[in-house]
Amino acid sequence: MPSLPQHLPFQHRKPPAHVIEDAVSNHDTLEAVAETLQTLLKGAEAIIPDGVLDLLHGEPVGHPMHPLLVHVPLGGWVIAAALDHLPAQSPGGNEHAADLALTLGTLGAVGTIATGWTDWSNTRGEARRTGLIHGALNEVAFFLNVGSIVARRKHRRGLGKALSGAALGLAVAGGFLGGELVYRHGLGVGRTLAHRQG
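Rules used throughout
- Residues numbered from 1 in each chain as written.
- Predicted model: local features only at pLDDT ≥ 70, side-chain atom pairs only at ≥ 80, totals over all residues.
- Heavy atoms only, no water.
- Phe/Tyr/Trp six-rings, centres within 6.5 Å; stacked < 30°, edge-to-face > 60°.
- Helix = DSSP H or I, 4+ residues; strand = E, 2+ residues; numbered from the N terminus.
- Buried < 20%, exposed > 50% of the residue type's maximum accessible area, 1.4 Å probe, protein only.
- 1 Å grid on protein atoms, 1.4 Å probe; cavity = no way out; pocket = protein on both sides within 12 Å on 5 of 7 lines; lining within 4 Å.
- Points joined across faces, edges and corners; volume = space filled by probe spheres on them.
- Nonpolar A, V, L, I, M, F, W, Y, C, P; charged D, E, K, R; others polar.

S.K.: Just to check I follow, could you spell out the packing of aromatic side chains for this structure?
M.R.: Enumeration according to the criterion identifies two aromatic pairs in this entry. Ring centres of tryptophan 117 and tryptophan 120 lie 5.3 Å apart, and the angle between their planes is 90 degrees; on these two criteria the pair is classed as edge-to-face. Placement of both tryptophan 117 and tryptophan 120 in helix H6 (residues 95-120) is noted, with a separation of three residues, approximately one turn of the helix. Classification of tryptophan 120 by relative accessible area gives buried; the value is 5%. Between phenylalanine 142 and phenylalanine 143, the ring centres sit 5.1 Å apart and the planes meet at 75 degrees, which makes this aromatic pair edge-to-face. On the accessibility criterion, phenylalanine 143 (55% relative accessible area) is exposed.

S.K.: Before we go on, may I ask you to explain the layout of surface pockets in this structure?
M.R.: Rolled over the atoms, a probe as big as a water molecule pinpoints where empty space is left. In this structure, the largest pocket spans a volume of roughly 720 Å³. Among the elements of the structure, helix H4 (66-69), helix H5 (71-85), H6, helix H7 (125-153) and helix H8 (157-183) are those that each provide at least two residues to the lining of the largest pocket. Of the residues forming the lining of the largest pocket, the biggest block, eight residues, is contributed by H8. Class assignment of the residues belonging to the lining of the largest pocket gives a composition of 18 nonpolar, 14 polar and two charged. Here the second largest pocket is characterised by a volume of approximately 170 Å³. Forming the walls of the second largest pocket are Leu37, Leu41, Ala44, Glu45, Ile48, Leu53, Leu56, Ala114, Trp117 and Thr118. Those elements giving two or more residues to the lining of the second largest pocket turn out to be helix H2 (28-45), helix H3 (50-57) and H6. Here the lining of the second largest pocket gets four residues from one element, more than from any other, and that element is H2. Looking at the lining of the second largest pocket, its residues break down into eight nonpolar, one polar and one charged.

Any functional reading would require information beyond the geometric quantities listed.
This is the structure we're talking about:
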């Protein structure tokens, strides 16, 4: 049987996702910020009861809570975006449903944020830097959506749609980096994030 080629072209190239992650996360300044923020976060965790930390890490269920909870905000934000731009049977017919989906998704993001930062506190290396960017993008998305809710309630729907649209774009970018954390760095794979990983 003829042997297979030993050096296929793709074996010498990083996947595009890895190239993008390396480009945005491999910076000394980011490492210094991550180190400082993680130290502060660890100090805050020291005053949180162990049972609460275990819950945030997902110890009772045996895997991280963050990947489970992330579906709530993303689902709400995607549905809101769809309703914002789908034709309605009457003018403004989708507005209430879009606003409700956006509000529920944004409220659901609170638990997602708490579990995400709790898990991030135990990361290291490139995973810690990437996780910092991942979290920051999603934090900005959260606050943009809070702004969108306020704008919508003040009948400034154009501004509200622009804010939530920008937020969804940032959440997608953050989700891309979240995929790198799991599939490249193995964070939380087969275990919770209560121990150092990355």
